[in-house]
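# Chain and residue survey
The primary structure of each chain is shown beneath.
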Amino acid sequence: LDASHAGWRLDRALADSLPTLSRERLKVLTKSGALTRADGTAARGIALCGSGIGISIAQGAYHKHSAYILAYADMPGFSRQEQGYLSNLVLAQRGKLSKMREAFEDDPKLAALAFCLRTAVIFYRSRRTLKLPRLTVTRGSGNRGYRLDIDASWLADNTLVAVALEKEKDEWASCGYELDVVQG
């Protein structure tokens, strides 16, 4: 993506900070059967790089601009269907998840990838390096949700993340998924 789209003003700080945390969530969901390694690896990498492209257009809704660019740009090596999938993934990274309900119903793997990306975006929203606590992710009952175990004292020290995770519960509920944040 970088080589063929050098003209795009990619937010390198965002693209470089998200992969580690997203990759960790991806490993958990791969072990649980929600995804295969092949499902997530390429899509996650491209989406993480593409997720910050739209920020050069507008700060506010950059995920929407990024999704539009990924959907309609000339991207050699990608079919329109693949570009649409990546666009949906990037669109799901922020904002209201209710817009993704139909897409998640059609493809539960997209929901799992979106969970990985949204979690990473929440933890790296300030674009500063945080010393992250130990995070444990498991699939929820009926494979329609996720459980995130996190250290309570860390959340108390990082109130913006705590508030964002609380709001995230409602976002997942709007799609018929449950997010349970357990402080331990």
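None of the values given here were measured: they were computed from a predicted structure.

Each helix and strand in the chain was counted, giving eight helices and three strands. Reading the helices (α) and strands (β) of the chain from amino to carboxyl end gives α-α-α-α-α-α-β-β-α-α-β. Partitioning the contacts of the chain with sequence separation of at least 6, the portion at a separation of at least 24 is 64%.

Another point: the pattern of salt bridges. Using the criterion set out here, one finds five salt bridges in the structure. Between arginine 118 and glutamate 168 there is a salt bridge; the shortest N-O distance is 2.4 Å. With arginine 118 in helix α6 (residues 108-123) and glutamate 168 in helix α8 (residues 159-173), the pair connects residues that are 50 residues apart, well separated along the chain. The class of arginine 118 is buried, set by a relative accessible area of 4%. Residue classification places glutamate 168 among the buried positions, given a relative accessible area of 7%. Taking the shortest distance from any N to any O, the salt bridge between aspartate 149 and arginine 147 comes out at 3.0 Å. Given a relative accessible area of 34%, arginine 147 falls into the partly exposed group.

If you walk across this open sheet you meet the three strands as β1-β2-β3, and the pairing is mixed. The open sheet is flanked by β1 (136-139) and β3 (178-183), the only strands paired with a single partner. This sheet shows a mean twist of 15° between the axes of neighbouring strands, independent of strand direction. Here six bridges tie strand β2 (residues 145-150) to β3, and the two strands are oriented parallel to one another. Bridge pairing in β3 places tyrosine 146 opposite leucine 179. Here α8 sits on the sheet in contact with β2 and β3, set at roughly 155° to β3.

The next subject is the packing of aromatic side chains. Tallied over the entire structure, the rule returns eight aromatic pairs. Between the aromatic rings of phenylalanine 123 and tryptophan 154, the centroid separation amounts to 5.7 Å while the plane-to-plane angle is 35°, which identifies the pairing as tilted. Of this pair, phenylalanine 123 sits in helix α6 while tryptophan 154 is found in helix α7 (residues 152-157), placing the two residues 31 residues apart along the sequence. Joined through ring pairs, the aromatic side chains of Phe104, Phe115, Tyr146, Trp172 and Tyr177 make up one cluster. Here the basic side chain of arginine 144 rests over the ring of tyrosine 177, its NZ or CZ set 4.3 Å away from the ring centre.

Moving on, we come to α6. Since there are 3.6 residues in each turn of an α-helix, residues three or four apart along the chain are aligned in direction. In this model, α6 (16 residues) spans 23 Å end to end at C-alpha, consistent with the 22 Å of a helix rising 1.5 Å per residue. Judged by how many residues are buried, α6 sits mostly within the fold: 14 of 16 residues are covered. The residue sitting at the N-terminus of α6 and contributing the capping side-chain oxygen is aspartate 107; that oxygen lies 3.1 Å from the backbone nitrogen of lysine 109.

The rules behind the values
- Residues numbered from 1 in each chain as written.
- Predicted model: local features only at pLDDT ≥ 70, side-chain atom pairs only at ≥ 80, totals over all residues.
- Heavy atoms only, no water.
- Helix = DSSP H or I, 4+ residues; strand = E, 2+ residues; numbered from the N terminus.
- Contact = heavy atoms within 4.5 Å.
- Salt bridge = Lys/Arg side-chain N within 4 Å of Asp/Glu carboxyl O.
- Buried < 20%, exposed > 50% of the residue type's maximum accessible area, 1.4 Å probe, protein only.
- Pairing = 2+ DSSP bridges.
- Axes fitted to C-alpha atoms, helices over the stretch in contact; angles between N-to-C directions.
- Phe/Tyr/Trp six-rings, centres within 6.5 Å; stacked < 30°, edge-to-face > 60°.
- Lys NZ or Arg CZ within 6 Å of the ring centre and 35° of its normal.
- Expected span 1.5 Å × (residues − 1).
- Polar contact = N/O pair within 3.5 Å; in protein donor to acceptor, adjacent residues only side chain to side chain.

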